Amino acid sequence: MKNILKILRAERDWTQAELARRLDVSRESINAIETGRYDPSLPLAFEIARLFGKKIEDVFLYKKH
Amino acid sequence: MTRDQKFTIFLAVAIIGGIGIGLSTILAVGPHQGAAPGTARIIAGTLLTTLAMAWACFFAARAHFARDEFKRQREVSASYWGGWLGIAASAPLFFFTAVGGFGPLAAWNVPPMLVFLAGYLLAPICAAAGAIGAALWLRYRDSRS
């Protein structure tokens, strides 16, 4: 699953650590999500979308393999 | 308090408390004297060991759930794959022992209880070693990007 987390984070000038703190997860989690190595759970995905004021499908882009 | 701090505290409580209760078992029932053990000794030892394991498992679970979902998933993957790999690795060790690889040790007159303990611990130690190895590898892989 692709996502635009890095772009959204850059728009707000947040570091991975800052975003991690706001979501109460580790910086490694943010890094893994941004690089597509980890797909977050639905609750975390909703939490991320809510934090950026967007719909979940605007942040995470499902692409069938 | 951060998740990492909570994790460290719960893990420390699990390990230190578990070992503490385990050691108190020895203090409570005293060292094995070779004579036939009394009923009270058996019951006390079994109950305290149960308590030590329950304590360790409870706080280890609290430590696990103190982590975020990404680290929890990594921990679960490491335990599963590393654990199975470790158990698989214990098979050649078992075979080596079964065919007499440790034959020369027989001359040392190792007590049967120690032999039983070594056999009992072989698989879990190998599984734990595998899980730790897998966890370190996953952490290394994730730190590269």
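Here the structure is a predicted model, which is why all the values come from computation and not from measurement.

Visitor: What should I look at first to understand the overall build of chain B in this one?
Guide: A count of helical and extended segments in chain B gives 4 helices and 0 strands. Going residue by residue from the N terminus, the α and β elements of chain B occur as α-α-α-α. Across the 145 residues that make up chain B, the buried fraction comes to 14%. Of the contacts formed within chain B by residues at least 6 apart in sequence, a portion of 87% connects residues at least 24 apart.

Visitor: Explain the overall build of chain A to me, please; I cannot follow it from the model alone.
Guide: Each helix and strand in chain A was counted, giving 5 helices and 2 strands. A globule of 65 residues ought to have a C-alpha radius of gyration of about 11 Å, and chain A, at 11 Å, matches this closely. In terms of principal-axis extent, the alpha carbons of chain A reach across some 30 × 25 × 20 Å. Within chain A, the fraction of its 65 residues that count as buried is 18%.

Visitor: Honestly, the nonpolar core in this entry has me stumped. Any pointers?
Guide: When a protein is soluble and globular, its nonpolar side chains tend to lie buried together. One finds A:L5, A:L19, A:V25, A:I30, A:A32, A:I33, A:I48, A:V59 and B:F70 forming the largest nonpolar core, which totals 9 residues. Counting residues per element, this core draws most heavily on helix α3 (residues 27-34) of chain A, which supplies 3 residues. Contacts of A:L19, omitting those with residues within four sequence positions, involve A:R9, A:W14 and A:I30. Among the nonpolar cores identified, the runner-up in size contains 6 residues, and B:A14, B:A56, B:A63 and B:A66 belong to it.

Visitor: Help me understand the interface of chain A and chain B, please; the structure alone is not making it clear to me.
Guide: Put simply, an interface is often sized by how much accessible area is lost when its parts join up. Across the boundary between the two partners, chain A contributes 10 residues, which contact 7 residues of chain B. In terms of residues, the side of chain A that touches chain B owes the most to one element, α3(A), which gives 4 residues. Taken together, the residues of the side of chain A that touches chain B break down into 4 nonpolar, 5 polar and 1 charged.

Visitor: Sorry, what's going on with the domain arrangement of chain B here?
Guide: Under the domain assignment used here, chain B contains domain 1 (1-67) and domain 2 (68-145). Centre-to-centre separation of domain 1 of chain B and domain 2 of chain B, based on C-alpha positions: 21 Å.

Visitor: How should helix α2 (residues 39-66) of chain B be read in this particular structure?
Guide: Think of an α-helix as 3.6 residues a turn; residues three or four steps apart then line up on the same face. All names here are of chain B. With 28 residues, α2 should reach 40 Å at 1.5 Å per residue; the first-to-last C-alpha distance of 40 Å fits that figure. Buried within α2 we find A56, F59, A63 and A66. As for α2, its buried residues are in contact with α1 (3-29).

Visitor: I'm lost on the packing of α1(B) against α2(B) in this one. Help?
Guide: Angle between the axes and distance between the axes: these two values describe a pair of packed helices. Look at α1(B) against α2(B): their axes get within 8 Å of each other, and the N-to-C directions meet at 175°. Between α1(B) and α2(B), the interaxial angle falls into the category roughly antiparallel.

Visitor: So what exactly am I meant to see when it comes to the environment of A:T35 here?
Guide: Residue and element names in this part refer to chain A. By secondary structure assignment, the location of T35 is in the loop between α3 and α4 (42-51). Residue T35 is classed as partly exposed on the basis of its 13 C-beta neighbours within 10 Å. Separated by 22 residues in sequence, T35 and D13 have C-alpha atoms that sit 18 Å apart.

Visitor: Hey, could you run me through the environment of B:L114 in this one?
Guide: Structurally, the position occupied by B:L114 is in helix α4 (residues 112-143). Along the sequence, B:L114 and B:A91 sit 23 residues apart, while their C-alpha atoms lie 20 Å from each other.

Visitor: Is there a simple way to explain the environment of B:V115 in this structure?
Guide: In this fold, B:V115 is placed in helix α4. Separated by 52 residues in the primary sequence, B:V115 and B:A63 place their C-alpha atoms 33 Å from one another.

Visitor: Where do I start with α4(B) in this structure?
Guide: All names here are of chain B. Helix length check: α4, at 32 residues, gives a terminal C-alpha distance of 46 Å against a target of 46 Å (1.5 Å per residue), a fit within 8%. Of all the bends in α4, the greatest, near 40°, is centred on L122, and the proline P124 appears no more than four residues after it. Among all positions of α4, only C126, A127, G130, A131 and A134 are buried. Here the buried face of α4 lies against α3 (69-98).

Visitor: Whenever I open this one, the packing of helix α2 (residues 16-23) of chain A against α3(A) confuses me. Can you help?
Guide: Residue and element names in this part refer to chain A. With their axes 8 Å apart at the nearest point, α2 and α3 run at an angle of 110° to one another. Between α2 and α3, the interaxial angle falls into the category roughly perpendicular. Contacts between α2 and α3 involve Q16, A17, L19 and A20 on the former and, on the latter, R27, S29, I30 and N31. Of the residues in the contact of α2 with α3, the class split is 4 nonpolar, 3 polar and 1 charged.

The rules behind each value
Residues numbered from 1 in each chain as written. Chains lettered and ligands numbered in written order. Predicted model: local features only at pLDDT ≥ 70, side-chain atom pairs only at ≥ 80, totals over all residues. Helix = DSSP H or I, 4+ residues; strand = E, 2+ residues; numbered from the N terminus. Buried ≥ 20, exposed ≤ 12 C-beta atoms within 10 Å, placed from the backbone. Contact = placed C-beta atoms within 7 Å. Rg over C-alpha atoms; globule rule 2.2 N^0.38 Å. Core = buried A, V, L, I, M, F, W, Y, C linked by C-beta atoms within 7 Å. Nonpolar A, V, L, I, M, F, W, Y, C, P; charged D, E, K, R; others polar. Domains from an automatic or database assignment. Expected span 1.5 Å × (residues − 1). Axes fitted to C-alpha atoms, helices over the stretch in contact; angles between N-to-C directions. Parallel < 35°, antiparallel > 145°, perpendicular 65-115°, else oblique. Bend = angle between axes of the 7 residues up to and from the residue.

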